[in-house]
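Now for the letters of each chain:
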Amino acid sequence: MLVSQQQKLQEEIRALVARHGRTRAALMPVLQELQEKYASITDFAMQVVADELGIHPSEVYGVVSFYAFLHHEPKGRFQIRLCQTISCDLAGKARVAKQLENELGIAFGETTPDGRFSLEWASCLGMCDQGPALLVNDRVYTRVTAEQAHRIIEECRSVFGAHATQAAHA
Amino acid sequence: MQPSDSRKTPLTFDTIEPGSGLAAALAKSRADIIGEVSASNLKGRGGAGFPTGTKWNLAAAARVHGEAAKYVICNADEGEPGTFKDRVLLTAYADLVFEGMTIAARAIGATRGLLYLRGEYVYLRPHLEAVLDRRRKAGQLGADILGTPGFEFDIEIRMGAGAYVCGEETALIESLEGHRGEPRNRPPFPVNTGFMGQPTVVNNVETLASVTAIFAKGAAWFRGIGTEKSSGFKLFSVSGDCDAPGVYEFPLGITIAELLERVGGTGAKAVQVGGASGQAVPASQFGRRIAFEDLATGGSIIVFGPGRDMLHVAKNFMEFFVEESCGQCTPCRAGNAKLLEGIERLERGACSSAYLNELVRLCETMQVASKCGLGQSSPNAFLSIVTNFQDEILGRTPADR
Ligand SMILES: Cc1cc2nc3c(=O)[nH]c(=O)nc-3n(C[C@H](O)[C@H](O)[C@H](O)COP(=O)(O)O)c2cc1C
Ligand code: SF4
């Protein structure tokens, strides 16, 4: 990362900490905002957060590594999370999963080389009456069929690209 | 497709005018508020079924440490597989939920409330913030609420980040305090030592909305619904093999057979009551009641049609627990992995009865030796399937898969 980018991120984190309070209880909200904006939380970001909150960076890493929605590794601009739990399983998630893999050319747990899409499994999304369900970032899709997999991905590419997560691959 | 309305029956909550419950509560003394909740016999809707009045009484009596204050936390982590009724409540009845929190605050003397919303429901946040804003403007949150001198309370929304275990109340508190969501030993309980070490009431979304209904309509009315030990109505999240999956309201005490009739699921071979941590009830037991005295549940009902492979079901649940165990204690961390391995062995048709019996003993160890409810209840589904569907799981050949 360039020095100017590091400075910018540092200032940003300082502003986040100022807003959420310089306490340990602010850690989750700060990390969640970083995650939302940059799609991952880098070593550098963790170091700055730790410094600002006066805790050891390994404490921050411990938290990031615990939660499924916080990532240390870079993730795609669009994170597709398909529910793998029982009701969506009964409703046919396996075929949706296969078709998502076919469309993106990656397996679950992977990110496309262009950094656009990550494919992940999720535990129960709370859409059990309308499965198979998936999340694309914070947007939920229900009763997804294998045929719709292609359309959802195209939608990501065009419709809501404008206000999607800005991936931090810089 | 975009999500549709999950409601399949009219809900009692439709008949509760926002504001009426809070006004009725604020007309009472603190002791009488708790008395009313106790008289309603309301038990926690999050799954454990602890009497709400008793919990509030303990928190009201607990001493604050230092300058700080008491807290009310709404548990909106709704992670139990097959549960989605809290999503419906937060979408369509958020006022009633926030009002229940406000009544709880009045009862125990809390000044701050937190709603812990699961990360998967982040799309509900703007709506919830808007409802909070409206309530602040209407004098239902903030200082001197509804003209009650000295009654100050406000609510903040905090997000979870995709961890089922954070629905466990002490893990939830750890998460709110900026830590990994690892459950604490209990005791001490949150009513004494909760968020920031202060007395804290943690209640489920539906419990809090039910409190509001109780103050709007009276404890006697609520007690008149359901059974002697399981008062009131309950929301059920119904999914799986039935004609009309969705959210239903029934009085507690309904039998599984009656419920299946209503949701178009007659002919099912089994019903999972209580989600992954609940049990698979076979058709021969469909006369059993859904109530705290028989089959207790936070409301998750998953219907399995005649063609379903119960070993596949058990495997899905065990994969869930292996994924979601926080890994803090050995019986749960290693036990769930071992059970999943056992299921894979059963799938291959390579499991002896002796080995199966060993797995059953492992389940018993996990139930008593795990630190929190996750590890204590994760063997339930496996045990019920092994017990009730033994002919289906032993001696499998490739053709059975
Ligand atoms: C692993 C685990 C997950 C839980 N998840 C939830 C949950 O998502 N929502 C909830 O209200 N309670 C959940 N609970 C129960 C809570 O620990 C707690 O009992 C409940 O929030 C108390 O509220 P109530 O008395 O109003 O039901 C969970 C418990 C365990 C052990
Ligand atoms: S029982 Fe499981 S989830 Fe609970 S503390 Fe132990 S390892 Fe963690």
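Residues numbered from 1 in each chain as written. Chains lettered and ligands numbered in written order. Predicted model: local features only at pLDDT ≥ 70, side-chain atom pairs only at ≥ 80, totals over all residues. Heavy atoms only, no water.

1. Description of the domain arrangement of chain B
Residue and element names in this part refer to chain B. Applied cut-off: Residue ranges labeled as domains rest on an automatic or database domain assignment. Contacts are assigned to residue pairs with any non-hydrogen atoms lying within 4.5 Å of each other. Take the accessible area each of two parts loses on contact, using a 1.4 Å probe, and add the two losses: that sum is the buried area.
Domain assignment breaks chain B into domain 1 (12-223), domain 2 (233-304) and domain 3 (310-400). Using only C-alpha atoms to locate each centre, domain 2 and domain 3 end up separated by 22 Å. On the side of domain 3, 13 residues touch domain 2, which itself brings 12 residues to the contact. At the boundary of domain 2 with domain 3, total buried surface from both sides reaches about 930 Å², with 69% on carbon and sulfur atoms. It is Lys269, Ala276 and Ser277 in domain 2 that bury the most area against domain 3; as a group they hold 47% of the surface buried on that side.

2. Considering the packing of helix H3 (residues 52-61) of chain B against helix H5 (residues 94-108) of chain B
Residues and elements named next belong to chain B. Applied cut-off: Fitted lines through C-alpha atoms give the axes, limited to the stretch in contact for helices. The angle between two N-to-C directions lies from 0 to 180 degrees. The secondary structure listing takes helices from DSSP runs of H or I that are at least 4 residues long and strands from runs of E that are at least 2 residues long, numbered from the N terminus. Our angle categories are set so that under 35 degrees counts as roughly parallel, over 145 as roughly antiparallel, 65 to 115 as roughly perpendicular, and the remainder as oblique.
For the pair H3 and H5, interaxial distance at closest approach is 8 Å and the crossing angle is 45°. Classified by the angle between their axes, H3 and H5 sit oblique to one another. Here Trp56, Ala59 and Ala60 of H3 lie close against H5, whose contacting residues are Gly100, Ile103, Ala104, Ala107 and Ile108.

3. A look at the environment of serine 210 of chain B
Residues and elements named next belong to chain B. Along the chain, the position of serine 210 falls in helix H8 (residues 205-217). Counting along the chain gives 18 residues from serine 210 to asparagine 192, while the straight-line C-alpha distance between them is 24 Å. Residue contacts for serine 210: discarding those within four places in its chain leaves Phe13, Leu42 and Arg45.

4. Some remarks on the site of ligand 2
Filter applied, for reference: One heavy atom suffices: a residue is near a molecule or strand as soon as one of its heavy atoms comes within 4 Å of it. Amino acids outside the nonpolar list (Ala, Val, Leu, Ile, Met, Phe, Trp, Tyr, Cys, Pro) and the charged list (Asp, Glu, Lys, Arg) are all regarded as polar, and Gly is one of them.
Contacts to ligand 2 come from 13 residues, most closely from Cys326, Gln328, Cys329, Cys332 and Cys372 of chain B. Of the residues contributing to the shell around ligand 2, the split by class is 7 nonpolar, 5 polar and 1 charged.

5. A closer look at the site of ligand 1
All names here are of chain B. Which entries qualify depends on this criterion: N or O atoms within 3.5 Å of each other form a polar contact, as long as, within protein, one can give a hydrogen and the other can take it, and as long as residues adjacent in sequence are counted only when both atoms are side-chain atoms. Accessible surface area values rest on a Shrake-Rupley calculation with a 1.4 Å probe, where residue burial reflects the displayed protein chains alone.
For ligand 1, the set of nearby residues contains 18 residues, the closest of which are Gly46, Asn75, Asn203, Asn204 and Thr207. Between lysine 55 and ligand 1, the recorded distance is 3.1 Å, taken from a side-chain N or O atom to an oxygen atom. With respect to ligand 1, the backbone of valine 202 contributes an N or O atom lying 3.5 Å from an oxygen atom. Bound to the protein, ligand 1 loses 89% of the 610 Å² it would expose on its own. Broken down by secondary-structure element, the contributors of at least two residues to the shell around ligand 1 are strand E4 (200-204) and helix H14 (373-377). Here the shell around ligand 1 gets 3 residues from one element, more than from any other, and that element is E4. Taken together, the residues of the shell around ligand 1 break down into 3 nonpolar, 9 polar and 6 charged.

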